[in-house]
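Now for the letters of each chain:
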Amino acid sequence: MLLEGKKILIMGIRNKWSIAFGIAKSAYENGAQLLFTYMGEENKEKIESLISEFKGCKAYVLNGASEDEKVREVFTKIKEENGKIDGIVHAIAHANTEDLHNDFILTSKEGYSHACDVSAYSFVLVSRMAKELDMLNENASLVTLTYHGSTKVLEGYNVMGVAKAALEASVRYLADNLGKENIRVNAISAGPIKTLSAKGIKDFNSILDIVEEKAPLHRNVTTTEVGDVATFLLSKMSAAITGQVIYADNGYNIMGV
Ligand SMILES: NC(=O)c1ccc[n+]([C@@H]2O[C@H](COP(=O)([O-])OP(=O)(O)OC[C@H]3O[C@@H](n4cnc5c(N)ncnc54)[C@H](O)[C@@H]3O)[C@@H](O)[C@H]2O)c1
């Protein structure tokens with residue numbers, strides 16, 4: 001039980017297909033006590049039923065992961081009700097649909113800022129607020145989710161690739177800042193998975209087919225496989241790892257043509 005006695009906050013659960021849900025399953029099976037944030041007060045019942053299998057967990061609404069005061073408010077409540085935590089998983093991203101469908105060159109200033117704000121700045125904010133509010137136990141671990149489109153051009157990923165590049169650079173700077181306090185910061189670069197967010201990406205099914213054909217392991221990843229990597233990064237088994245982008249993509253990223 002790699003996470004026995006640890007409290008882990010998982011941000012960005014939406015439904016049973018969410019990567020956050022796969023991470024929750026793995027962390028729970030490994031002994032973690034779970035806390036969640038999700039978007040939309042109207043989703044309360046749906047989320048509570050979804051997470052009912054995780055005994056003793058609690059869920060909090062957070063409608064703006066990149067808005068300082070909203071994160072402060074929900075983190076203050078989480079700390080008051082649960083005390084300090086041992087890890088945070090940030091599984092939050094968003095870009096405007098038109099920016100994933102048009103050519104990248106047409107990205108508007110608003111669309112560019114929005115994608116970077118929600119998908120990259122929010123992780124900086126979450127890390128800063130957790131530190132400011134003294135929420136983290138020593139040896140805490142912060143984990144975010146990224147994608148290969150940060151370093152390679154993948155048609156349709158567009159401005160989200162730019163946001164993920166910013167997120168990965170943020171991971172390195174945060175790892176340096178928080179390392180002094182023995183807090184680790186890493187990203188998992190997950191292979192493509194059919195989630196609600198992924199549905200916004202043009203021709204997503206053909207990406208899945210290409211990965212199956214070309215990845216060394218000739219299959220696509222599951223959310224629980226990504227979850228197991230998160231469990232490892234949240235646990236003391238990864239005590240020497242910080243500032244890294246760890247690929248969980250069945251090896252697809254090593255391939256040339
Ligand atoms: N699905 C994939 O192929 C894939 C691959 C690599 C990385 N990722 C990343 O994994 C993470 C989780 O995405 P997913 O694929 O599980 O999809 P998902 O749609 O299940 O999760 C995305 C979550 O982000 C939340 N969100 C969006 N905007 C928000 C905001 N302003 N404030 C608070 N929450 C907000 C949504 O409510 C949702 O819970 C994202 O960072 C995504 O980029 C996904």
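Residues numbered from 1 in each chain as written. Predicted model: local features only at pLDDT ≥ 70, side-chain atom pairs only at ≥ 80, totals over all residues. Heavy atoms only, no water.

### A short note on the overall build of the protein
Each helix and strand counted, the protein has eight helices and seven strands in total. The C-alpha atoms of the protein give a radius of gyration of 17 Å, which matches the 18 Å a tight globule of 257 residues would have. In terms of overall dimensions, the protein has C-alpha extents of about 50 × 40 × 40 Å along its principal axes. Within the protein, the fraction of its 257 residues that count as buried is 51%. In the protein, the proportion of contacts linking residues at least 24 apart, taken out of those at least 6 apart, comes to 74%. (Helix = DSSP H or I, 4+ residues; strand = E, 2+ residues; numbered from the N terminus. Rg over C-alpha atoms; globule rule 2.2 N^0.38 Å. Buried < 20%, exposed > 50% of the residue type's maximum accessible area, 1.4 Å probe, protein only. Contact = heavy atoms within 4.5 Å.)

### Concerning the confidence of the model for the protein
In this model, the protein carries a mean pLDDT of 97, and residues with pLDDT of at least 70 account for 100%. Ranking the elements of the protein by mean pLDDT puts helix α7 (residues 204–214) last with 95 and strand β6 (residues 184–190) first with 99. (pLDDT = per-residue confidence, 0-100.)

### What about the site of the ligand?
Around the ligand lies a shell of 28 residues, among which S18, I19, I193, T195 and S197 are the nearest. In the model, an oxygen atom of the ligand is placed 2.9 Å from a nitrogen or oxygen of the R14 side chain. At 2.8 Å, a backbone N or O of I19 approaches an oxygen atom of the ligand. Using a 2 Å cut-off from the grid points, one finds that the ligand occupies the largest pocket. Classifying every residue of the shell around the ligand by side-chain character gives 17 nonpolar, nine polar and two charged. (Near = heavy atom within 4 Å. Polar contact = N/O pair within 3.5 Å; in protein donor to acceptor, adjacent residues only side chain to side chain. 1 Å grid on protein atoms, 1.4 Å probe; cavity = no way out; pocket = protein on both sides within 12 Å on 5 of 7 lines; lining within 4 Å. Sits in = over half its atoms within 2 Å of the grid points. Nonpolar A, V, L, I, M, F, W, Y, C, P; charged D, E, K, R; others polar.)

### Observations concerning α7
Turning to α7, its buried residues are F204, I207, L208 and V211. Looking straight down α7, one finds its buried side chains confined to an arc of 100°; they lie on one side. Exposed and facing more than 90 degrees away from the buried side of α7 are D209 and E213. (Arc of directions from axis to C-beta.)

### Thoughts on the environment of A163
The residue A163 is located in helix α6 (residues 158–179) in this model. A163 sits in the buried class, given a relative accessible area of 0%. Separated by 94 residues in sequence, A163 and E69 place their C-alpha atoms 22 Å apart.

### Structural notes on the pairing of strand β5 (residues 136–146)
Taking burial as the measure, the eleven residues of β5 include eight buried ones, the bulk of the element. Direction of pairing for strand β4 (residues 85–90) relative to β5: parallel, over a ladder of five bridges. Pairing of I85 across the sheet is with L136, part of β5. When β5 meets β6, the two strands line up parallel, connected through six bridges. Opposite T144, over in β6, you have A187 as the bridge partner. Once the chain exits β5 it traverses α6 before rejoining the sheet at β6, and the crossover so formed is right-handed. (Pairing = 2+ DSSP bridges. Right-handed = clockwise from strand over helix to strand, strands pointing away.)

### As for a nonpolar patch on the surface
Nonpolar side chains collect at one region of the surface, where L2, F232 and M237 lie side by side and expose about 270 Å² of accessible area between them. Within the secondary structure, F232 is located in helix α8 (residues 223–234). The exposure class of F232 is partly exposed, given its relative accessible area of 30%. (Patch = residues over 30% accessible without salt bridge, like charges linked within 9 Å, V, L, I, M, F, W, Y side chains within 5 Å. Areas by Shrake-Rupley, 256 points an atom, 1.4 Å probe, with all protein chains shown as cover. Salt bridge = Lys/Arg side-chain N within 4 Å of Asp/Glu carboxyl O.)

### What to know about the sheet that holds β5
The seven strands lie next to each other as β3-β2-β1-β4-β5-β6-β7, forming an open sheet whose pairing is parallel. Because the sheet does not close on itself, it has two edges, and the strands there are β3 (58–61) and β7 (245–248). Strand after strand, the sheet turns through a mean of 20° between neighbouring axes, direction not considered. Contacts between helix α3 (residues 68–82) and the sheet are confined to β1 (7–11), β2 (33–38), β3 and β4, with β3 contributing the most and set at about 160° to the helix. Across the sheet, α8 touches β1, β4, β5, β6 and β7, and the angle it forms with β6 is around 165°. (Axes fitted to C-alpha atoms, helices over the stretch in contact; angles between N-to-C directions.)

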